[in-house]
Amino acid sequence: MRETSPYPLTTQCACMDDEGRIWMVSNMVNGLFCLDPDTGKTEYVTSFEREPLFCGSLYTKAFWYKGKVICIPCLAKNIAFYDTVTGEIRYLPIRSEEYLVYFNAVSFAEEKVLLFPVIYSSFAYILDLERESYDSIPFTYGENSHQAEGRIVQGEALCGEKAYFVIRDTNRFFSFDIKTHILDFFQGADHHPFVTMTSDGRYLYPFSADGRSYDIYDGGTYITTRQLLPEKEAGKAAVPYEQLKYIACSCVEGAIVNMPMRNVKLQFFADGCMKNCVLDWKQIRMADAKIQAFAVCFQRRGKLILLPYHSSTVVEVDLADASVRYLDISICSSVLNGLFKKLWEQPEHNIQLKEESCSLQRYLDALEDMPSPRTEQDVLQTNGSRIYNILNGQEG
């Protein structure tokens, strides 16, 4: 089989099991993978047969519960429960083809997760990980509807029995009482807008939309601001995504980790002080021209583990001495070609592949690696006349 370039294993949906292994869903193909951080070995586990084989952002959040990996959907139509003992996948439908449901997922008990809509809606859900079912919760934004409608609501902060969210690119945030389902709204102390929010269970940390700082609140009361970069006048407004230096902050077992975009140092607040770690960005393999290196962070045995989002490199930072380990992960050709084979065995589906999840060149590489040649009709049905023309030398 001809060698091809590694296919990056990127993710925004991951969880860690009781043994410290990391389970992640690929951000570009339909695949569940398991990473052992000790050995650096990554294994393909399975695919979700009820979902498209090549689709980005199928799932955006995962939870580990009693030997199960529970995946919360974005573009997928079902919540997926993967049993790591039996290998069985059980599905719980939660959206229709017409209505895209994308959730903030807030764990508020060992077996309960609040699914609060990112896009304006009048329903939230309480997911029971034990029963593998959910209850619908109707709610209303009331007189604040005009502030949330047409905007993104984001955050996964929990303090007591209240979940907190920001109305993105505004200086407003609100709480959702999990018991009473009542919303209370607050306005930020400054004029700078927020992009997301996290919490350590005591304080709230709304992250500024200019990527330069985050605030500290006790409920609705402002305490102070922690600057990650020098304050500028531009901090009064949201900054375009490609210009951000930091994308969010994440609370990981008491440490407030500021997720770097690229070419900046990692900053985290732990043990009562802000700490810095200089990353060697030459060792972090970015995918294409994308700029957000990481999206998910775990703490494991005294080390921070940052998982790749627009890169193919896992970064492990020792909290004691700030030493850094870089681990490149990818999807091997045999796994990728296996997914293509499954794709080709679905002739009843009229499938369109997007360049960001499956480039044309990579598709052609897989065609050439197949043990038997594809017919003209096969190629036309699979990816249209353009691929057929390329294969026949009629298009460069």
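Residues numbered from 1 in each chain as written. Predicted model: local features only at pLDDT ≥ 70, side-chain atom pairs only at ≥ 80, totals over all residues. Heavy atoms only, no water.

Quick notes on the overall build of the protein chain
Inference 1: Assigned secondary structure in the protein chain consists of 4 helices and 30 strands.
Inference 2: Looking at the protein chain as a whole, 54% of its 396 residues qualify as buried.
Inference 3: In the protein chain, once contacts between residues fewer than 6 apart in sequence are set aside, the share between residues at least 24 apart is 43%.
Inference 4: Summed over all atoms, the accessible surface of the protein chain reaches about 18,300 Å², with 47% contributed by carbon and sulfur. (Helix = DSSP H or I, 4+ residues; strand = E, 2+ residues; numbered from the N terminus. Buried < 20%, exposed > 50% of the residue type's maximum accessible area, 1.4 Å probe, protein only. Contact = heavy atoms within 4.5 Å. Areas by Shrake-Rupley, 256 points an atom, 1.4 Å probe, with all protein chains shown as cover.)

Overview of the pattern of salt bridges
Inference 1: Going through the model one piece at a time under the given rule, you end up with 19 salt bridges.
Inference 2: Between Lys179 and Glu161 there is a salt bridge, with its nearest N and O atoms 3.3 Å apart. Residue Lys179 is found in the loop between β16 (172-177) and β17 (183-187), and its partner Glu161 is found in the loop between β14 (153-159) and β15 (162-167); the two are separated by 18 residues along the sequence.
Inference 3: For Lys179, a relative accessible area of 61% gives the class exposed. (Salt bridge = Lys/Arg side-chain N within 4 Å of Asp/Glu carboxyl O.)

Describing the sheet that holds β16
Inference 1: Read across the open sheet, the 4 strands follow the order β14-β15-β16-β17; overall the sheet is antiparallel. Every other strand in the sheet has two partners, leaving β14 and β17 as the edge strands with one partner each. Neighbour to neighbour, the strand axes of the sheet diverge by 25° on average, direction disregarded.
Inference 2: Sheet analysis places β16 next to β17, joined by 5 bridges and oriented antiparallel. Counted as the bridge partner of Phe173 is Phe186 from β17. (Pairing = 2+ DSSP bridges. Axes fitted to C-alpha atoms, helices over the stretch in contact; angles between N-to-C directions.)

Regarding the side chain of Thr170
Inference 1: Tracing the chain through its elements places Thr170 in the loop between β15 and β16.
Inference 2: Here Thr170 falls in the buried class, since its relative accessible area comes to 14%.
Inference 3: At 3.1 Å, the side chain of Thr170 and the backbone nitrogen of Arg172 are in polar contact.
Inference 4: What Thr170 contacts, discounting residues up to four positions off in sequence, is Arg151, Pro193 and Phe194. (Polar contact = N/O pair within 3.5 Å; in protein donor to acceptor, adjacent residues only side chain to side chain.)

Let's talk about unusual backbone geometry
Inference 1: We note that Lys66 has phi near 50°; this positive angle belongs to a residue other than glycine.
Inference 2: With respect to the helices, strands and loops of the structure, Lys66 is situated in the loop between β6 (59-65) and β7 (68-73).
Inference 3: A positive phi is found at His181, a non-glycine position, where the angle reads about 65°.
Inference 4: Take His181: it is sitting in the loop between β16 and β17.
Inference 5: Overall, the relative accessible area of 29% leaves His181 in the partly exposed class.

Some words on the packing of aromatic side chains
Inference 1: Per the stated rule, a full pass over the model turns up 24 aromatic pairs.
Inference 2: Pairing Phe173 with Phe186 gives two aromatic rings, centres 5.2 Å apart and planes at 25°, and the pair type is stacked. Of the two residues, Phe173 sits in strand β16 while Phe186 sits in strand β17, which places them 13 residues apart along the sequence.
Inference 3: Judged by relative accessible area, which is 22%, Phe186 ranks as partly exposed.
Inference 4: An aromatic cluster of at least three residues, connected via ring pairs, comprises Phe116, Tyr120, Phe139, Tyr141, Phe165, Phe174, Phe176 and Phe185.
Inference 5: Seen from the ring of Phe269, Arg226 lies directly overhead, with NZ or CZ sitting 3.3 Å from the centre. (Phe/Tyr/Trp six-rings, centres within 6.5 Å; stacked < 30°, edge-to-face > 60°. Lys NZ or Arg CZ within 6 Å of the ring centre and 35° of its normal.)

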